Amino acid sequence: FGKDGDKRMETDTLHAFTGEAGGNSPRSQSDRALSRIPARLRLLHRESGCSTLEISAILEISPRAYSYYESGQRMIPPHVLCALADFYHVSVDYLLCRTVVKEPYPKK
């Protein structure tokens, strides 16, 4: 690797250990994906043309809870994540920034 490769490996290891985003470790890649979820949720919200109050009523959550999800202040519970995917007609993988394909999976 040489000096630069060793330094990069040390940095990636440090970030993986401390939980900081950076480098190419699996942990840092998932951290970066998690940080993009609120932006994707805000984009879908804007595209829907619905108010926060309307969306939260449909999802049966408080408007404050929905705002926390959009701002990244709270993690989205799995049952709400599924409800959001159904509401926005996208896949959960799209909401989680694992794909750029919006279409939901076919239901059986």
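Here the structure is a predicted model, which means the values were calculated and not measured. Counting restarts for each chain, with residues numbered from 1 along the sequence as it is written. Whole-chain, interface and lining totals are the exception, using all residues; otherwise, since this is a predicted model, local features are given only for residues with pLDDT of at least 70 and side-chain atom pairs are given and counted only at 80 or more. Neither water nor hydrogens contribute to the side-chain values; these are computed over all heavy atoms in the structure.

Participant: Hey, could you run me through the packing of aromatic side chains in this one?
Facilitator: The description of an aromatic ring pair rests on the distance of the ring centres and on the angle between the ring planes. Here a Phe, Tyr or Trp ring, Trp counted by its six-membered ring, pairs with any other such ring whose centre lies within 6.5 Å, and the pair is stacked when the planes are under 30 degrees apart, edge-to-face when over 60, and tilted otherwise. The final tally for this structure, using the stated rule, is one aromatic pair. Between F87 and Y88 the ring centres are 4.9 Å apart and the planes differ by 70°, which places this aromatic pair in the edge-to-face class. Neither F87 nor Y88 differs from the other in exposure class; each is buried. Each ring is checked for a lysine NZ or an arginine CZ that lies within 6 Å of its centre and within 35 degrees of its normal; such an atom marks a charge sitting over the ring. Positioned above the aromatic ring of Y94 is the side chain of R40, whose terminal nitrogen or guanidinium carbon lies 3.9 Å from the ring centre. For every residue, the accessible area (1.4 Å probe, protein chains only) is compared with the maximum for its type, and the residue is labelled buried under 20%, exposed over 50%, or partly exposed between those bounds.

Participant: So what exactly am I meant to see when it comes to the side chain of S91 here?
Facilitator: The way it works is that DSSP assigns letters per residue, a run of H or I at least four long becomes a helix, a run of E at least two long becomes a strand, and they are numbered from the N terminus. Among the structural elements, S91 can be located in the loop between α5 (78–88) and α6 (92–95). At 3.0 Å, the side chain of S91 and the backbone nitrogen of Y94 are in polar contact. Contact definition: two residues touch when any of their heavy atoms are within 4.5 Å. Ignoring any residue separated from it by four or fewer positions in sequence, one finds S91 in contact with A85, T99, V101, K102, E103, P104 and Y105. Any N or O atom pair separated by 3.5 Å or less is treated as a polar contact, with the protein-specific requirement of one donor-capable and one acceptor-capable atom, and with residues adjacent in sequence counted only for side-chain atom pairs.

Participant: Which parts of the structure should I look at to understand the nonpolar core?
Facilitator: As a rule of thumb, nonpolar side chains are buried together in soluble globular proteins. For our purposes a nonpolar core is just a set of buried Ala, Val, Leu, Ile, Met, Phe, Trp, Tyr and Cys residues, chained together by side-chain atoms within 4.5 Å. Among the nonpolar cores identified, the biggest contains 20 residues, and L41, Y66, I76, L84, Y88 and L95 are the most heavily contacted of them. Listing elements by their share of this core, those giving two or more residues are α2 (26–48), α3 (52–59), α4 (63–71), α5 and α6. Sorting elements by how many residues they give to this core places α5 first, with six residues. The residues touching Y88, leaving out its near neighbours within four places in the chain, are L41, L44, H45, S48, I55 and Y66.

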